[in-house]
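Observations on the three-dimensional arrangement
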Amino acid sequence: MKISFIVPSYNNLRYLKSAYHSIRTWEDKDHEIVILDDASADGTSEWLDSLKDPNLIIWKNETGKRLGHTITYDIGVKLSTNDIFSIFHADMFVGENYVKNLVKHLDRGKVVTATRIEPPLHPSGREKITRDFGMWPEDFREDDFINFVREEQKRNKDQTTRGIFAPWMMYKEDFLRIGGH
């Protein structure tokens, strides 16, 4: 089953590169990525132009005025070509089995989310694990992160919690039926 990752970005190139790398490294190469450049001035447009990825859809806001995540999410969902999509922030890094673990809980009319792992910038919560694998893309310890994700997946196999937070996944048809955001 192929999904579409919806990834908005505004002047977030160094993180966007890392998010893109993670999806292409840890998920099926046939998953679609829809990147929405929301009037960035940091080289995002040029970097996107350099990518040679047949499963990439690029949308650029060339108005010079930022639209914001909510509007670009809706644009990205409409541009996506798969039945299921995942909202994924440009500063996120996907771990192994992300799609597999969310899809197994997904039903029509339902939104499923993944537990985030964040550096200790904000308080912990039931939707996230606070753990420091590096504060910046340049010092991110990917191997340590992936090993931690693997252990957490074993430890918490098939456990769920209630709440809605990014990253999340749902059926495109359901999202469009309620009018998007």
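Note: the structure precedes this text.
Per chain, the residues get numbers from 1 upward, laid out in the order the sequence is written. Predicted model: local features are reported for residues with pLDDT of at least 70 only, side-chain atom pairs are reported and counted for 80 or more only, and whole-chain, interface and lining totals are derived from all residues. With hydrogens and water excluded, all non-hydrogen atoms of the structure serve as input to the side-chain values.

On to the pairing of strand β8 (residues 168–171), then. Note that strand β4 (residues 84–87) and β8 share four bridges and pair antiparallel. Residue pairing across strands places I87 opposite W168, the latter belonging to β8. Following DSSP output, two strands are said to pair if at least two bridges run between them. Only DSSP runs of H or I covering at least 4 residues are called helices, and only runs of E covering at least 2 are called strands; the numbering of each starts at the N terminus. Pairing of strand β5 (residues 112–113) with β8, which is carried by two bridges, proceeds in the antiparallel orientation. Bridging across to β8, V112 finds its partner in M169.

As a further point, take the sheet that holds strand β2 (residues 32–37). On the basis of which strands lie adjacent, the open sheet formed by six strands has the order β3-β2-β1-β4-β8-β5 and mixed pairing. The sheet is open, and its two borders are formed by β3 (56–60) and β5, each paired with just one other strand. Whether two residues are in contact is decided by their heavy atoms: any pair within 4.5 Å suffices. To obtain each axis, a line is fitted to C-alpha atoms, and for helices this fit is confined to the stretch in contact; angles are then taken between N-to-C directions over 0 to 180 degrees. Helix α1 (residues 13–26) rests against β1 (4–9) and β2 of the sheet, and its axis sits at about 170° to β2.

This part covers the pattern of salt bridges. Within this document, salt bridges are pairs made up of a side-chain nitrogen of Lys or Arg and a carboxyl oxygen of Asp or Glu, the two lying within 4 Å of each other. For the structure on display, the rule yields 15 salt bridges. A salt bridge links R155 to E152, with the nearest nitrogen and oxygen atoms 2.5 Å apart. One end of the pair is R155 and the other is E152, both in helix α5 (residues 142–155) and three residues apart, which spans about a single turn. Given a relative accessible area of 51%, R155 falls into the exposed group. With a relative accessible area of 16%, E152 lands in the buried category. Each residue's exposure class comes from its accessible area (1.4 Å probe, protein chains only) as a fraction of the maximum for that residue type: buried when under 20%, exposed when over 50%, partly exposed otherwise.

What a helix is expected to span follows from its residue count: subtract one and scale by 1.5 Å. If you check α5, its first and last C-alpha atoms are 20 Å apart, about what 14 residues at 1.5 Å a residue would give, namely 20 Å. Packed against the buried residues of α5 are α1, β6 (116–118) and β7 (128–130).

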